[in-house]
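A look at the structure
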Amino acid sequence: MEAQEEKEAQVAAWLKKIFGDHPIPQYEVNPRTTEILHHLAERNRVRDRDVYLVIEDLKQKASEYESEVNDLTSDLFRTKSKNEEIKLELTKLEKNLTATLVLEKCLREDLKKAELHLSTERAKVDNRLQNMDFLKAKSEEFRFGIRAAEKLAELKQQTIPLKKKLDSYLDLMPNPSLAQVKIEEAKRELLDARKDFLHSHCVLRVPAAEQDNTVRPLFYSPVRQMDEKEEYV
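No experiment lies behind these values; they were computed from the predicted model shown. (Residues numbered from 1 in each chain as written. Predicted model: local features only at pLDDT ≥ 70, side-chain atom pairs only at ≥ 80, totals over all residues. Heavy atoms only, no water.)

**Here's the deal with the overall build of the chain**
To be explicit about the condition: Put simply, DSSP H or I for four residues or longer makes a helix, DSSP E for two residues or longer makes a strand, and each gets a number counted from the N terminus. When accessible area is computed with a 1.4 Å probe and restricted to protein chains, residues below 20% of their type maximum are described as buried, those above 50% as exposed, and intermediate ones as partly exposed. Contacts are residue-level and defined by heavy atoms, with any inter-residue pair within 4.5 Å sufficient.
If you tally the helices and strands in the chain, you get four helices and zero strands. Its helices and strands in sequence order give the chain the pattern α-α-α-α, from N to C terminus. Within the chain, the fraction of its 233 residues that count as buried is 14%. Within the chain, contacts between residues separated by at least 24 positions form 66% of all contacts whose residues are at least 6 apart in sequence.

What follows is the structure, given as structure tokens:
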């Protein structure tokens, strides 16, 4: 009996929920109609529960989809922002590359100018070195010439007494034989003095400019000149 009353109460509550503010149609309340309506109410409750679950599942999926869409939107925004940054970086790199190429071209031109200037300066230095070598050779020649002139002057100074002695013998006319002997002695002394002086002092080496190790006199030997002259009487 209590179960029947509970079913009738459940049916009444279900009908009120179904019709809401509208009046519930009149029906005969008996165990059979109550059982039928209770069965419909249970099926309706199960269906409502299934619909609710489906709706909740759809809501959950919609929320997940919305979250994914938001994530995709955020990713898309970040991707766009990153692309803009990359474009700016590429623009900067392009400008820097252009400036680098221009600078490299300028440096190459400066390097060519520097190499040309260095080649010119090297040629000038080589020319100056050659001139210095020539001047050194000439300086050596002048130095040897000065030494030879000094030695010649010294020789002349040494031969002056012998010439005076020879002249004094030439003045000895009373005894020609004795004068001839004295003259020959003076001539031999003069020749010996000149030969000794020339062999010990006046034979000099030719400067390095001639690139020859041959030893030659720098001036004509007076000894040979005197040998070729006629002897004094």
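**Digging into the side chain of Asn-30**
Filter applied, for reference: Any pair of N or O atoms that falls within 3.5 Å is considered a polar contact. Within protein, one atom must be able to donate a hydrogen and the other to accept it, and sequence-neighbouring residues count only if both atoms are side-chain atoms.
The residue Asn-30 is located in the loop between α1 (2–19) and α2 (31–170) in this model. Judged by relative accessible area, which is 19%, Asn-30 ranks as buried. At 3.1 Å, the side chain of Asn-30 forms a polar contact with the backbone nitrogen of Arg-32.

**A closer look at the environment of Lys-7**
Structurally, Lys-7 can be placed in helix α1. Distance from Lys-7 to His-38, taken between C-alpha atoms, is 6.2 Å for residues 31 residues apart in sequence. When residues no more than four places from it in sequence are discounted, the contact partners of Lys-7 are Thr-34, Glu-35 and His-38.

**Focus: the pattern of salt bridges**
Pairing between side chains becomes possible if they bear opposite charge and their charged atoms approach one another. Note the cut-off: Between Lys or Arg on one side and Asp or Glu on the other, a salt bridge is scored when a side-chain nitrogen of the former is within 4 Å of a carboxyl oxygen of the latter.
The final tally for this structure, using the stated rule, is eleven salt bridges. Between Lys-61 and Asp-57 there is a salt bridge; the shortest N-O distance is 3.4 Å. Of this pair, Lys-61 and Asp-57 both sit in helix α2, separated by four residues, roughly a single helical turn. Look at Lys-61 and you get partly exposed, because its relative accessible area is 37%. The class of Asp-57 is partly exposed, set by a relative accessible area of 36%. Lys-82 is the partner of Glu-85 in a salt bridge, and the nearest nitrogen-oxygen pair spans 3.9 Å. In this pair, Glu-85 and Lys-82 both sit in helix α2, three residues apart, roughly one turn of the helix. Since its relative accessible area comes to 41%, Glu-85 is described here as partly exposed.

**Overview of the nonpolar core**
Stated precisely, the cut-off is as follows: What makes a nonpolar core is a set of buried Ala, Val, Leu, Ile, Met, Phe, Trp, Tyr and Cys residues whose side-chain atoms join them at distances within 4.5 Å.
The biggest cluster of nonpolar side chains holds five residues, and these are Val-11, Trp-14, Leu-15, Leu-37 and Ala-41. Counting residues per element, the ones that place at least two in this core are α1 and α2.

**A short note on the side chain of Asn-44**
Looking at the secondary structure, you find Asn-44 in helix α2. Asn-44 gets classed as buried once you look at its relative accessible area, which sits at 13%. Residues within four places of Asn-44 in sequence aside, it is in contact with Trp-14 and Ile-18.

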